[in-house]
Amino acid sequence: MDNSSTIKLYEHNQKAYDALLDMLGERDRACVIKPTGTGKFVIIAKMVQDNPDKRFLLLGTNDYMFNDQMANLAEIAPGFTPENLQFMTYAAAMGMERRNDCVPPYDVIIADEFHHCGAEEWGKGVTHILNANESAKVVGFTATPIRYSDGGRNMADEMFDGNVAYSMELEEAWLRGILPIPEYIVALYEAPSELEKLAKSITTVRDEVARKRFQKKYEKLRRALTEAGGVREAIAAYLKKANAKVIVFCPRVAKLREFMLLRREWFGAVNSEIHAYKTVSADPYGSEDFQAFKDDESDALKVLYCVNQLNEAVHVRGVDAIVMVRPTKSPTVFYQQLGRVLSSGGNRTPLVFDLCNNFASITVAEGTCGRMEKTYREMKDAGEHPAFSPSDFKVVGKALEIKQLAAELQSALNPLFSIDDKISFLEKIARANGGRL
């Protein structure tokens with residue numbers, strides 16, 4: 001084999017690979033937990049390359065994932081075509097189970113993003129594949145083994161009997177410089193409607209003195225929000241690259257259309273020329289738009305709007321920013337979207353525009369700063385010298401404090417509170433904010 005075709009792993013991936021092989025030497029099942037963007041597929045490809053006599057099956061979420069990974073592999077190891085590797089989506093495996101199709105024999109079955117194996121229907125497909133290959137080694141890769149929306153099930157325990165060969169958290173990858181630390185900007189797309197709800201709540205307070213207090217505090221909140229500006233101001237303040245590539249994660253198709261119509265309002269201050277693309281799970285032309293977005297190297301600002309696509313395992317080189325307008329309380333979805341910009345490479349600081357306050361609504365995300373501090377201390381105590389420190393992760397945006405204040409005011413207006421409780425609560429908030437609300 002040509003030396004240029006030989007896959008060479010970065011140090012952190014080599015450690016994961018060696019640990020995986022050691023565990024598979026003693027057990028039939030083992031998994032690796034590594035953040036999105038750290039090169040999990042390269043480890044898979046290395047295993048396939050080092051074992052040309054074995055038959056591998058890779059299970060994954062979508063064809064985007066595999067096609068994208070194979071394109072990247074062609075650059076990493078030109079000339080290497082893994083003939084002994086077959087790809088199958090979890091949906092296709094589910095279809096085989098429903099039809100009771102025969103499953104070809106494999107030596108190694110790899111489950112990428114293996115937390116999906118806990119899904120009821122997809123899980124049946126995986127079980128169908130595994131039952132037909134009882135002697136095969138089973139390997140798994142994911143950024144998180146926890147199914148947060150399913151009672152917190154740990155699929156590393158369920159599927160791999162807790163055999164975690166190697167584990168690295170996102171915060172460690174940031175501190176080591178393996179992944180770029182993003183700048184996280186909080187802005188509010190839905191702020192006007194939220195203010196309107198607060199205003200209506202205040203009008204229902206019967207006590208005139210209390211109502212006037214609420215109205216006064218509300219007016220301060222309204223002025224602060226006006227001064228902070230909206231989405232356009234937030235994007236213009238932080239996105240300085242006129243020909244940047246941006247991915248916008250939308251909750252549904254109707255919202256995607258709405259946000260596409262707002263592209264000049266949102267991004268016009270960055271660049272008057274905007275190339276807009278879209279990809280949704282039901283769009284047969286989505287893959288063409290996706291490819292056109294990747295290939296677009298013009299001076300225009302490139303914006304890809306997507307619904308239920310690109311959430312995991314698809315890495316677009318050169319993405320400068322993502323915009324979250326899909327509210328979610330799922331840490332898995334949150335980190336999958338975050339991962340689309342963390343693997344962008346280079347020395348740039350990727351940007352995350354959170355327009356729906358996901359950072360503050362997801363408990364796991366809120367703990368990011370604390371986990372960075374803890375990991376940093378552990379690395380220092382072990383005699384290491386991290387490339388970065390916790391202070392390098394910044395959550396910014398004028399709307400951040402305003403969102404918190406609005407939530408606190410809403411809590412004070414909760415009908416379960418007495419008027420006296422509401423007033424005391426607001427006064428406590430005011431003291432905590434230097435006398436301001």
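Residues numbered from 1 in each chain as written. Predicted model: local features only at pLDDT ≥ 70, side-chain atom pairs only at ≥ 80, totals over all residues. Heavy atoms only, no water.

Visitor: Go over the side chain of Thr89 with me, naming the residues and quoting the values.
Guide: Locating Thr89 in the fold gives a position in strand S3 (residues 85-89). Here Ala92 takes part through its backbone nitrogen, which lies 3.0 Å from a polar atom of the side chain of Thr89. Apart from residues no more than four positions distant in its own chain, Thr89 is found in contact with Gly60, Thr61, Asn62 and Asp63. (Helix = DSSP H or I, 4+ residues; strand = E, 2+ residues; numbered from the N terminus. Polar contact = N/O pair within 3.5 Å; in protein donor to acceptor, adjacent residues only side chain to side chain. Contact = heavy atoms within 4.5 Å.)

Visitor: Could you give an account of the nonpolar core, with specific residues and numbers?
Guide: The biggest cluster of nonpolar side chains holds 60 residues, and the ones touching the most others in it are Leu20, Trp174 and Leu338. In terms of residue count, the dominant contributor to this core is helix H2 (residues 40-50) (7 residues). Aside from chain neighbours lying at most four places away, what touches Leu20 is Ala30, Val32, Met47, Val139, Phe141 and Ala165. (Core = buried A, V, L, I, M, F, W, Y, C linked by side-chain atoms within 4.5 Å. Buried < 20%, exposed > 50% of the residue type's maximum accessible area, 1.4 Å probe, protein only.)

Visitor: A description of the sheet that holds strand S10 (residues 245-249) should follow, citing residues and the corresponding values.
Guide: A sheet is described by the order of its strands in space; here 7 strands give the open sequence S11-S12-S10-S13-S14-S9-S15, paired in parallel fashion. The sheet is open, and its two borders are formed by strand S11 (274-280) and strand S15 (394-396), each paired with just one other strand. For this sheet, the mean inter-axis angle between neighbouring strands, taken without regard to orientation, is 20°. Relative to the sheet, helix H10 (residues 231-238) contacts strand S9 (183-186), strand S14 (351-354) and S15, its axis offset from that of S14 by approximately 170°. Where helix H14 (residues 331-342) meets the sheet, it contacts S9, S10, strand S13 (321-324) and S14, and its direction lies at approximately 155° from that of S13. (Pairing = 2+ DSSP bridges. Axes fitted to C-alpha atoms, helices over the stretch in contact; angles between N-to-C directions.)

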